[in-house]
Amino acid sequence: MPVIRSARVPLDRASVIVPAGRVYVIPQRCKECRFCIDFCPKDVLVTSTETNAKGYRYPVVAPGKEEACVHCEFCSLVCPEYAIFTVEGPRAEVPA
Ligand code: SF4
Ligand code: SF4
């Protein structure tokens, strides 16, 4: 998904705290619809190389994206099988 950047910088940028999330997947519930992967705004997720007992490849955090989740919870919202959720982790500062 392309990232759209604004040329303007919000005046309160330094005071904004971006939430950080930790992703948890329940592989046996997944049916590989890819909704969570396709709609994650931070491209955190990719398809696993492993399969669950039903033969579906479930989502995993992409290499190098371990700190990218912003705990928007959209993945858990769109998952029809309640197979993925996030919990809020340590907060991160807005990158310069
Ligand atoms: S909570 Fe948001 S940013 Fe984190 S993995 Fe889910 S959709 Fe992506
Ligand atoms: S949205 Fe749910 S069922 Fe679909 S791929 Fe993601 S975890 Fe699996």
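Right above here is the structure, for reference.
Quick summary incoming for the structure in this document. Within each chain, residues carry numbers counting from 1 in the order of the written sequence. Following the order in which they are written, the chains are lettered starting with A and the ligands numbered starting with 1. Only residues with pLDDT of 70 or above have their local features reported here, since the model is predicted, and side-chain atom pairs are shown and tallied only from 80 upward, although totals for entire chains, interfaces and linings are computed over all residues.

## Describing the overall build of the protein chain
Operational definition: Only DSSP runs of H or I reaching four residues or more are called helices, and only runs of E reaching two or more are called strands; each is numbered from the N terminus. Partly exposed residues are those falling between the two cut-offs: more than 12 but fewer than 20 other C-beta atoms within 10 Å of their own, whereas 20 or more means buried and 12 or fewer means exposed, with C-beta atoms placed from the backbone.
The helix and strand tally for the protein chain stands at two helices and six strands. Listed by position from the N terminus, the elements making up the protein chain come as β-β-α-β-β-α-β-β. Dimensions of the protein chain along its principal axes, counting C-alpha atoms only, are 50 × 25 × 25 Å. When the 96 residues of the protein chain are sorted by exposure, 17% land in the buried category.

## Points about the site of ligand 2
Quick note on the threshold: We call a residue near a molecule or strand if the C-beta atom, set from the backbone, is within 6 Å of it. Lys, Arg, Asp and Glu make up the charged group, whereas Ala, Val, Leu, Ile, Met, Phe, Trp, Tyr, Cys and Pro make up the nonpolar group; the residues left over, Gly among them, are polar.
Close to ligand 2 lie 14 residues; Cys30, Cys33, Cys36, Cys79 and Ala83 are nearest. When its residues are assigned to classes, the shell around ligand 2 shows 10 nonpolar, no polar and four charged.

## Focus on the pairing of strand E2 (residues 21-25)
Short version of the rule: Any two strands between which DSSP finds at least two bridges are classified as paired.
The two faces of E2 differ: Gly21, Val23 and Val25 on one face are buried, but Arg22 and Tyr24 on the other face are not. Both E2 and strand E5 (residues 84-88) contribute to a ladder of five bridges, which runs antiparallel. When the sheet's bridge partners are listed, Arg22 is paired in E5 with Val87.

## Brief notes about unusual backbone geometry
In this model, Glu73 sits at a positive phi of 70°, which is unusual for a non-glycine residue. Position of Glu73 relative to the elements: it lies in the loop between strand E4 (59-61) and helix H2 (74-78). On the basis of neighbour counts, which here come to 16 C-beta atoms within 10 Å, the residue Glu73 falls in the partly exposed class. Its identity as a non-glycine residue notwithstanding, Tyr82 has a phi of 50°, on the positive side. One can find Tyr82 in the loop between H2 and E5.

## Section: the site of ligand 1
The immediate surroundings of ligand 1 are formed by 15 residues, with Cys40, Val44, Cys69, Cys72 and Cys75 found nearest. Class assignment of the residues belonging to the shell around ligand 1 gives a composition of 10 nonpolar, three polar and two charged.

## With respect to the nonpolar core
Under the convention used in this document: By convention the nonpolar core is taken to be a set of buried residues drawn from Ala, Val, Leu, Ile, Met, Phe, Trp, Tyr and Cys and joined through C-beta atoms within 7 Å. Whether two residues are in contact is decided by their C-beta atoms, placed from the backbone, lying within 7 Å.
Counting residues in each nonpolar core, the largest one holds 13 residues, and the members touching the most others are Val25, Cys36, Cys75 and Ile84. With sequence-adjacent residues up to four places away left out, Cys75 is seen in contact with Cys36, Cys40, Leu45, Ile84 and Thr86.

In short, the description is geometric, and any link to function would need to be established separately.
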